[in-house]
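Fold and contact review
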Amino acid sequence: MSSSDEQYDVVVVGARCAGAPLATLLAREGFEVCLVEKAELPSDTPSTHVFEADALAFLDSLGVLDELRATGAPMIARADARVGDVRWPATWPVRPGDPGGVMSVRRFRLDPVLVRAAQDAGAALLTRTAVTDLVRAEDGRVTGVRVSTATGDGESRSGTGTAPRGGAGEERVLRARLVVGADGRASTVARLAGARSYHVTPNQFALFWSYFADAEIGDPTFVFHRWADRVVLGLPTDDGLYQVQVGVDPARLREFRAGLPGSLLEYARASEPVAKALAGARLVGEPHGTTHWKGYFREPTGPGWVLVGDAGHFKDPTAGRGIGDAFLQAARLAETVTGQLGGGGGDAAELDEALRRWGAWRDAEFVEPYWFATDIGSLAPLPAVLPEVLRGMRRAGVADGLFEMVNHRARPTDILTRPRLLAAVGRLLARGRLGVLREVVQLAAVDRHRRALGRRPQYEAPSLPR
Ligand SMILES: Cc1cc2nc3c(=O)[nH]c(=O)nc-3n(C[C@H](O)[C@H](O)[C@H](O)COP(=O)(O)OP(=O)(O)OC[C@H]3O[C@@H](n4cnc5c(N)ncnc54)[C@H](O)[C@@H]3O)c2cc1C
């Protein structure tokens, strides 16, 4: 180790939904944490920004909810839900003590609130500073990162401790007992560590979204409509704006793009409540779009490193779960790291084993929602059995329970239970819908395939040798 190297307990690469809360929680436990971010902050990132009851409870526990409320984003308690031909007004399920059901805050507002919490907790923050390499011990263990600072001073710190040294354009080494890759889908840490991806699924719909002023918001409601070849979401976000998001079949992409913004409006207005909200509204700014991505899990950890948030796992955004899942992972990872590195602990083998268990938890926790998000984001027509299950749940007065899945408080198999599925198939058959039998056979085959993948993942080759 050179005398100019800086030493931390934990270096967290990436300062948004996964990295910033993790840094906050670890710094609050008294660890020396450095949060490294290549972007300038505050800045936007190509993502919509709906999060749900579990995420709101987490943000409350972090102590940042008042700042988020101050952005003007309302707490949303209602949903206008449509799945296939079943539409119903839902009350978003919450638990006692939850601050609310759904919120949407644009990322250039949300992420800085999270970063400020990390700084207030005492974490060092390096912005405009990219991790360019991993530093390894002779046995290959990751013991730090090499960083390069773009321009300007890029550094800020509150709390106590040693301020980072170095200036613009300079390369330096940050040593740590643990390096966390919270650096998103194109994770440098994952690439340099050689983490392989598995359960890889390319997207099907492309996503476009826009903001509108002067929308008729009324009782704040999250419109979630998925029917035929359409996905339309609409809800109030911060600053009095109304956010609209649509899924577009890539076969229509050229035409859709050429027709923007009118094509987006036309798509959105196919959903009756969104059309109503937009009746007197005006578009603000240019529409945003993302046309290509992949869902995946990545090998979560290795000696001295771990991946959290999108760096380790990404799923179809139609499910609106990336932010909440990043929080869930960060909270659990902070507990694991604290248990290992706290109180003078620091046995490397024990840390690696604890992180391996954390990784196994991540996969078990998110695999069902992952496949469900893949299905919701699929261009294939929704299986008839899904709306039929919801019709049955509506009759039983429990359809709002669907959103417990979106709160990550129920698994898809808790909602799409065997008795509900069998009853739905029976009703469809009684109505002469014999095609449901073929559908059930196909669904069972897909399920078997996914279970087999769970036992024996198919890996994509990493882009660098391990
Ligand atoms: C189109 C779209 C819509 C979405 N909509 C929603 C939604 O409505 N609700 C929801 O919950 N989720 C949504 N998501 C998912 C959500 O955006 C992510 O799950 C979430 O941003 C994950 O946060 P993260 O901190 O892991 O990664 P990111 O937010 O990607 O942050 C990673 C950070 O790492 C930094 N970084 C990268 N490389 C380096 C490096 N070498 N050195 C230093 N820093 C580096 C980047 O600059 C970035 O700031 C959507 C995603 C997409 C693509």
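Heads up: the structure comes first, above all this text.
Per-chain numbering applies: the sequence of each chain, read as written, is numbered from 1 onward. Where totals are concerned, whole chains, interfaces and linings use all residues; where local detail is concerned, this predicted model gives features only for residues with pLDDT of at least 70, and gives and counts side-chain atom pairs only at 80 or more. Only heavy atoms go into the side-chain values, all of them from the structure, while hydrogens and water stay out.

**Some details on the overall build of the protein**
The helix and strand tally for the protein stands at 15 helices and 22 strands. Over its C-alpha trace the protein gives a radius of gyration of 23 Å, about what one expects of a compact globule, namely 23 Å for 466 residues. The C-alpha extent of the protein, read off along each of the three principal axes, is 75 × 50 × 45 Å. Each residue's exposure class comes from its accessible area (1.4 Å probe, protein chains only) as a fraction of the maximum for that residue type: buried when under 20%, exposed when over 50%, partly exposed otherwise. Per-residue burial for the protein yields a buried fraction of 54% across its 466 residues. Note on definitions: a residue-residue contact is assigned when non-hydrogen atoms from the two residues lie within 4.5 Å. Once local pairs closer than 6 in sequence are excluded, the contacts in the protein between residues at least 24 apart make up 77%. Numbered from the N terminus, helices here are DSSP runs of H or I no shorter than four residues, and strands are runs of E no shorter than two. Put simply, the radius of gyration uses C-alpha atoms, and a globule should come to 2.2 Å times the residue count raised to 0.38.

**Quick look at the sheet that holds strand 15 (residues 230-236)**
In this analysis, strands are considered paired if DSSP registers two or more bridges between them. The strand order across the open sheet formed by seven strands is 5-4-14-15-16-13-17, and the pairing between neighbours is mixed. Either end of the sheet is taken by a strand with one partner, and the two such strands are strand 5 (86-91) and strand 17 (282-290). Between one strand axis and the next, the sheet turns by 10 degrees as a mean value, whatever way the strands run. Axis definition: a line fit to C-alpha positions, over the contact stretch in the case of helices; interaxial angles, taken between N-to-C directions, run 0 to 180 degrees.

**Regarding the site of the ligand**
Throughout, near means a residue has at least one heavy atom within 4 Å of the molecule or strand. Close to the ligand lie 33 residues; Arg16, Glu37, Ser47, Thr48 and Ile323 are nearest. Any pair of N or O atoms that falls within 3.5 Å is considered a polar contact. Within protein, one atom must be able to donate a hydrogen and the other to accept it, and sequence-neighbouring residues count only if both atoms are side-chain atoms. Contacts to the ligand include Cys17, whose backbone N or O atom sits 3.1 Å from an oxygen atom. Contacts to the ligand include Val131, whose backbone N or O atom sits 2.9 Å from a nitrogen atom. Accessibility throughout is a Shrake-Rupley quantity obtained with a 1.4 Å probe, and a residue counts as covered only by protein chains that appear here. In the complex, 94% of the free accessible area of the ligand, which totals 1000 Å², lies under the protein chains. Elements that contribute at least two residues to the shell around the ligand include exactly strand 8 (129-136) and helix 9 (322-341). Broken down by element, the residue count for the shell around the ligand peaks at three residues, all from strand 8.

**Observations concerning the pairing of strand 8**
Looking at chain direction, strand 8 and strand 9 (residues 142-149) are connected through seven bridges and run antiparallel. Bridge pairing in strand 9 links Asp133 to Arg146. Taking the residues between adjacent antiparallel strands as the criterion, strand 8 and strand 9 are bridged by five residues, where Gly140 takes a positive phi near 95 degrees.

**Section: the pattern of salt bridges**
A side chain with one charge can pair with a side chain of the opposite charge if their charged atoms come near. We count a salt bridge whenever a side-chain nitrogen from Lys or Arg sits within 4 Å of a carboxyl oxygen from Asp or Glu. Tallied over the full model, the rule gives 35 salt bridges. Of the charged contacts, one joins Arg107 and Asp111 as a salt bridge, the two residues approaching to 2.8 Å between their closest N and O atoms. Placement of both Arg107 and Asp111 in helix 4 (residues 107-120) is noted, with a separation of four residues, approximately one turn of the helix. For Arg107, a relative accessible area of 8% corresponds to the buried category. Accessibility expressed as a relative area gives 0% for Asp111, which makes it buried. When the shortest N-O distance is used, the salt bridge between Asp229 and Arg230 registers 3.8 Å. Each of the salt bridges in this network shares a partner with another, and the network as a whole consists of Glu52, Asp54, Lys315, Arg321 and Asp325.

**Points about unusual backbone geometry**
Omega for the peptide link from Leu41 to Pro42 comes to 0 degrees, which places this bond in the cis form. The peptide bond linking Leu260 to Pro261 adopts the cis configuration, its omega dihedral lying at 0 degrees. Structurally, Pro261 can be placed in the loop between helix 6 (253-258) and helix 7 (262-269). A positive phi angle, close to 50 degrees, is found at Arg128, a residue other than glycine. Position of Arg128 among the secondary structure elements: in the loop between strand 7 (124-126) and strand 8. Here His408, not a glycine, exhibits a phi torsion of approximately 55 degrees, which is positive. By the secondary structure assignment, His408 is in the loop between helix 12 (402-406) and helix 13 (412-415). According to the relative accessible area criterion, His408 is buried, its value standing at 15%.

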